[in-house]
Amino acid sequence: MRIELTRDSVAMGDDVDAPHAVSLEVPRDTSVRQALAAIGVPRAYLATIMSGRATWITRAGDGTALAVVAQQWPEPRLLPAGEGPLARFADPAGTVRLDFEYRQQRDPDAEYEHLAQQG
């Protein structure tokens, strides 16, 4: 299964490479958690912030919030929609689109609670 990634820019200098598109292949039975680990979230793919605090929301191509990622956390925190197989977000060609929305230095716990309440 193909995953196509994009992420927001974190600063004007980061805009040069926007939308930071990357793609990778993973097995069809890959879970959201496994996909995020394969991508290297939060360290490898996402931009790091000098303050050491950055919050990101991982969204499927349809806008569904799947996880909250924080630079200061060791791993992403899955939202209820992020539990289970990634393939359910695939288009007819078998491609999953994931976008990482930069939420600046907002409190990741508060972002998680807000999104979890939305269902």
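It should be noted that the structure appears before, not after, this text.
The rules behind these values
Residues numbered from 1 in each chain as written. Predicted model: local features only at pLDDT ≥ 70, side-chain atom pairs only at ≥ 80, totals over all residues. Heavy atoms only, no water. Helix = DSSP H or I, 4+ residues; strand = E, 2+ residues; numbered from the N terminus. Buried < 20%, exposed > 50% of the residue type's maximum accessible area, 1.4 Å probe, protein only. Contact = heavy atoms within 4.5 Å. Areas by Shrake-Rupley, 256 points an atom, 1.4 Å probe, with all protein chains shown as cover. Salt bridge = Lys/Arg side-chain N within 4 Å of Asp/Glu carboxyl O. Phe/Tyr/Trp six-rings, centres within 6.5 Å; stacked < 30°, edge-to-face > 60°.

Undergrad: Looking at this model, I keep getting lost on the overall build of the protein chain. Mind explaining?
TA: Broken down by element type, the protein chain carries 2 helices and 6 strands. In the protein chain, the order of α-helices and β-strands from amino to carboxyl end is β-β-α-β-β-β-β-α. Across its three principal directions, the C-alpha atoms of the protein chain cover 40 × 35 × 25 Å. Here the protein chain holds 119 residues, and 45% of them are scored as buried. Contacts in the protein chain between residues at least 24 apart in sequence constitute 61% of all its contacts with a sequence separation of at least 6. Accessible surface, the protein chain as shown: approximately 6300 Å² in total, 51% of it carbon and sulfur.

Undergrad: So what exactly am I meant to see when it comes to unusual backbone geometry here?
TA: Most peptide bonds take the trans form, and the phi angle of most residues other than glycine is negative. The phi dihedral of Gln104 is positive, around 55°, even though this residue is not glycine. Checked against the element boundaries, Gln104 lands in the loop between strand E6 (95-102) and helix H2 (108-118).

Undergrad: I would appreciate a short explanation of the side chain of Thr30 in the present structure.
TA: By the element assignment, Thr30 lies in the loop between strand E2 (22-25) and helix H1 (32-39). Leaving out residues up to four positions away in the same chain, Thr30 has contacts with Ala35, Pro85, Leu86 and Ala87.

Undergrad: How should the pattern of salt bridges be read in this particular structure?
TA: Close approach of charged atoms allows side chains of opposite charge to pair. Here the structure, examined in full by the defined rule, presents 9 salt bridges. The partner of Glu25 in a salt bridge is Arg2, and the shortest N-O contact between them spans 3.1 Å. With a gap of 23 residues between them, Glu25 in strand E2 and Arg2 in strand E1 (residues 2-7) connect regions that are remote in the sequence.

Undergrad: Help me understand the packing of aromatic side chains, please; the structure alone is not making it clear to me.
TA: The geometry of two aromatic rings is summed up by the distance between their centres and the angle between their planes. Applying the stated rule across the entire model yields 1 aromatic pair. Relative to Tyr102, the ring of Trp56 lies with its centre 5.0 Å away and its plane at 45°, an arrangement referred to as tilted. Linking Trp56 in strand E3 (residues 55-60) with Tyr102 in strand E6, this pair joins segments that are 46 residues apart in sequence. Like Tyr102, Trp56 is buried.

Undergrad: Looking at this model, I keep getting lost on the environment of Val26. Mind explaining?
TA: Along the chain, Val26 falls in the loop between E2 and H1. Assessed through its relative accessible area of 8%, Val26 is described here as buried. Sequence separation of Val26 and Ala87 is 61 residues, and the distance between their C-alpha atoms is 10 Å. In contact with Val26, not counting residues within four places along its chain, are Met1 and Ile3.

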